[in-house]
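Chain by chain, the residues run as shown.
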Protein chains: 2
Amino acid sequence: MSVFTPVTDADLADWLKNYAIGRLDALQGISAGVQNSNFFVTTSLGRYVLTLFETMPRAELPFYLHLMAHLARHGLPVPAPIANRDNEYLGSLSGKPAVLVSRLAGKSDMAPDVARCTRIGAMLAGLHLAGQSFGRKQANPRGASWRQHCAARVRAHLPADEQAELDAELVFQSGFNLETLPQGVIHADLFRDNVLWDGDYVGGVIDFYFAGQDALLFDVAVTVNDWCADADGQLDAARTAALLASYAESRPFTPAERAAWPAMLRAAALRFWLSRLEDFHLPRAGEMVLVKDPGEYRRILRLRAASNTTPLLPA
Amino acid sequence: MSVFTPVTDADLADWLKNYAIGRLDALQGISAGVQNSNFFVTTSLGRYVLTLFETMPRAELPFYLHLMAHLARHGLPVPAPIANRDNEYLGSLSGKPAVLVSRLAGKSDMAPDVARCTRIGAMLAGLHLAGQSFGRKQANPRGASWRQHCAARVRAHLPADEQAELDAELVFQSGFNLETLPQGVIHADLFRDNVLWDGDYVGGVIDFYFAGQDALLFDVAVTVNDWCADADGQLDAARTAALLASYAESRPFTPAERAAWPAMLRAAALRFWLSRLEDFHLPRAGEMVLVKDPGEYRRILRLRAASNTTPLLPA
């Protein structure tokens, strides 16, 4: 947890009086999470998760909360924000913006098989289809523009060979315009640890706080780079084919997307190489972010740039 | 099931293309339910219930669906209607108005103990509190006006002693104006078979198709008459006290409600005596409603009218 804000039972019990979910039975901190403080909250009427936003600007939060509400309303297993008696999702607790969401069932699987990759392809397509009727727009906070600016910030901290690699990739990516591809609201961080499995089903897709408007194919690339890679970063052919075929069954890929796919896998790898470089070289004061190895995504980017390893999108 | 409309796998699979919940895996009819046709629907992304409305006017359905959506949004375990890709809840299938809702966990308990009556009191208060911010209004379809008209319809079918009892109760009830009591949207049919238990928790409150605007206390009386009665209809003191105290913890009763309580228990008994008399003597053509014994609620009405058995509302 990046910054921990304590919540007392008494403060929470008082706060819950403006909800319709009964009396507080139990409050328990959750040790996972790198951006927000999270707690399990049990009341006489149900089980919920309380999130206190530690660093995100309050003005950006309604986009995420209404997105989660929209996707839940469309039947997808995402945390549904709970409205208080004033019909509002967003409140304040311990001096921080705060929201209660529904608690979802299941746990993550860091070694998913072909069947689970098939299920994730269908889920990602479901998120994209439901998102098409979402009325609000907010840019992908880690989109093409952020990648340019982040590269400029981290470049000086890199050895010469990494600088050259980064420069070459930025030149390569500047030749592509993602805005000509099908757009929509994307999760943008659908890693294995953001999915809870409840038996064979996806019990929950969590952590929508990187979501935004971008090319849908960028989301597919982020997801494939994580779910379908072997330990060395190489894509597993069977899992990749299963995820892509399952996605395409709900939302067939366009010819422009098929042409853009190899570059998109690289753009998605670049995004995580850059954010990990930034977390490593330029950690923000007051945060205790779990620093992940930037080298993992530098390796993935190199592998995706080797064109003979790129799987094709299904026609 | 009152009237059964078949749904084919092919028709449903086609219909689901306008949703974002993946591909149809399984369709299974549900034998319970007296007004609508219900089916379990399993897709690649989750488990849902499909309802086809057999007799209810289409124009009345949005009130119920938006009420369920509103209560779900407030964190209560009710069937949440699923929006299709046009952002609509209500569609058409096999020529009938049709809706998909979330599938809830648990099963009914026809012999609830004090702990479960405590939980139900809190749940009913939660429904009432969340309902206060619901923007739509539709009258209780089995309210005071319906009771007058239904009595006129069934009277001629009753023996003289029952006619006299019914006349006396209508005169007694005409002395009370429920509209002076706290109002809101009420479930109006919160019987034990409309609640699913998931361990110690309420996993689901179902069947909102009698809901409407009325005195909140009428809903409390309907609930107490069912949940807290012994086999002979007499109220069990411990369960009644537990349900009422738990409700009052979230929504304290007003002095006017305490004064109206004995009459309200009788009004709630009268409502079910009347509807069962109507189902028995005046069954509607084309329906196969499960006819329940009217005598049970005649007995409950008599017991509630014997003032020495009426429990007091908590102050």
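Residues numbered from 1 in each chain as written. Chains lettered and ligands numbered in written order. Predicted model: local features only at pLDDT ≥ 70, side-chain atom pairs only at ≥ 80, totals over all residues. Heavy atoms only, no water.

### What to know about the side chain of B:Ser37
All names here are of chain B.
Here comes step 1: Take serine 37: it is sitting in strand β2 (residues 36-43).
Here comes step 2: The exposure class of serine 37 is buried, given its relative accessible area of 0%.
Here comes step 3: For serine 37, the side chain forms a polar contact with the main-chain nitrogen of threonine 5, separated by 3.3 Å. (Helix = DSSP H or I, 4+ residues; strand = E, 2+ residues; numbered from the N terminus. Buried < 20%, exposed > 50% of the residue type's maximum accessible area, 1.4 Å probe, protein only. Polar contact = N/O pair within 3.5 Å; in protein donor to acceptor, adjacent residues only side chain to side chain.)

### As for the pairing of strand β7 (residues 195-198) of chain B
All names here are of chain B.
Here comes step 1: As paired elements, β7 and strand β8 (residues 201-205) share 4 bridges and run antiparallel to each other. Looking across to β8, one finds that leucine 196 is bridged to glycine 204.
Here comes step 2: Counting the residues that bridge the hairpin from β7 to β8 gives 2 residues, and of these glycine 199 lies at a positive phi of roughly 65°. (Pairing = 2+ DSSP bridges.)

### Quick word on the relation of the copies chain B and chain A
Here comes step 1: Mapping chain B onto chain A calls for a screw motion: a turn of 180° about the axis and a shift of 0.0 Å along it, with 0.0 Å RMSD after fitting. Put plainly, the chains are arranged around a two-fold axis. Ranked by how close their C-alpha atoms come to the rotation axis, the residues of chain B are headed by B:Arg73, at 4.5 Å.
Here comes step 2: Comparing contact sets, 100% of the residues at the interface of chain B also lie at the interface in chain A, consistent with an isologous, same-surface contact. (Least-squares fit on C-alpha atoms with pLDDT ≥ 70 in both. Contact = heavy atoms within 4.5 Å.)

### Remarks on unusual backbone geometry
Most of the time, phi is negative for any residue but glycine, and the peptide bond is trans.
Here comes step 1: Positive phi outside glycine occurs at A:Ser94, with the angle close to 50°.
Here comes step 2: Within the secondary structure, A:Ser94 is located in the loop between β4 (91-93) and β5 (96-102).
Here comes step 3: Taking the relative accessible area as the measure of exposure, A:Ser94 reaches 31% and is therefore partly exposed.
Here comes step 4: Despite not being glycine, B:Asp207 shows a phi value in the positive range, around 60°.
Here comes step 5: Tracing the backbone shows B:Asp207 in the loop between β8 and β9 (212-215).

### A look at the sheet that holds strand β1 (residues 24-30) of chain A
Residues and elements named next belong to chain A.
Here comes step 1: With antiparallel pairing, 5 strands are arranged side by side in an open sheet as β1-β2-β3-β5-β4. The two strands at the open ends of the sheet, each matched to only one other strand, are β1 and β4. The average undirected angle you get between the axes of adjacent strands in this sheet is 35°. (Axes fitted to C-alpha atoms, helices over the stretch in contact; angles between N-to-C directions.)

### Some thoughts on the interface of chain B and chain A
Here comes step 1: Taken residue by residue, the interface counts 34 residues in chain B and 34 residues in chain A.
Here comes step 2: Ranking the residues of chain B by area buried against chain A places B:Leu45, B:Arg73 and B:Tyr201 at the top, with a combined share of 23%.
Here comes step 3: Linking chain B to chain A there are 4 salt bridges.
Here comes step 4: Note that A:Glu249 is salt-bridged to B:Arg23, the shortest N-O span being 3.0 Å. (Buried area = accessible area lost by both parts, 1.4 Å probe. Salt bridge = Lys/Arg side-chain N within 4 Å of Asp/Glu carboxyl O.)

### Focus: helix α7 (residues 237-250) of chain A
Residue and element names in this part refer to chain A.
Here comes step 1: Spanning 14 residues, α7 covers 21 Å between terminal C-alpha atoms, matching the ideal 20 Å at 1.5 Å per step.
Here comes step 2: Residues of α7 that are buried include every one of Arg239, Thr240, Ala242, Leu243, Leu244, Ser246, Tyr247 and Ala248, and no others.
Here comes step 3: Residues of α7 that are buried sit in contact with α3 (114-131), α6 (216-227) and α8 (255-281).
Here comes step 4: By the N-cap criterion, in which a side-chain oxygen at the helix start approaches the backbone nitrogen of a residue two or three places on, α7 is capped by aspartate 236, the distance to alanine 238 being 3.3 Å. (Expected span 1.5 Å × (residues − 1).)

None of the figures reported here should be taken as evidence of function without further support.
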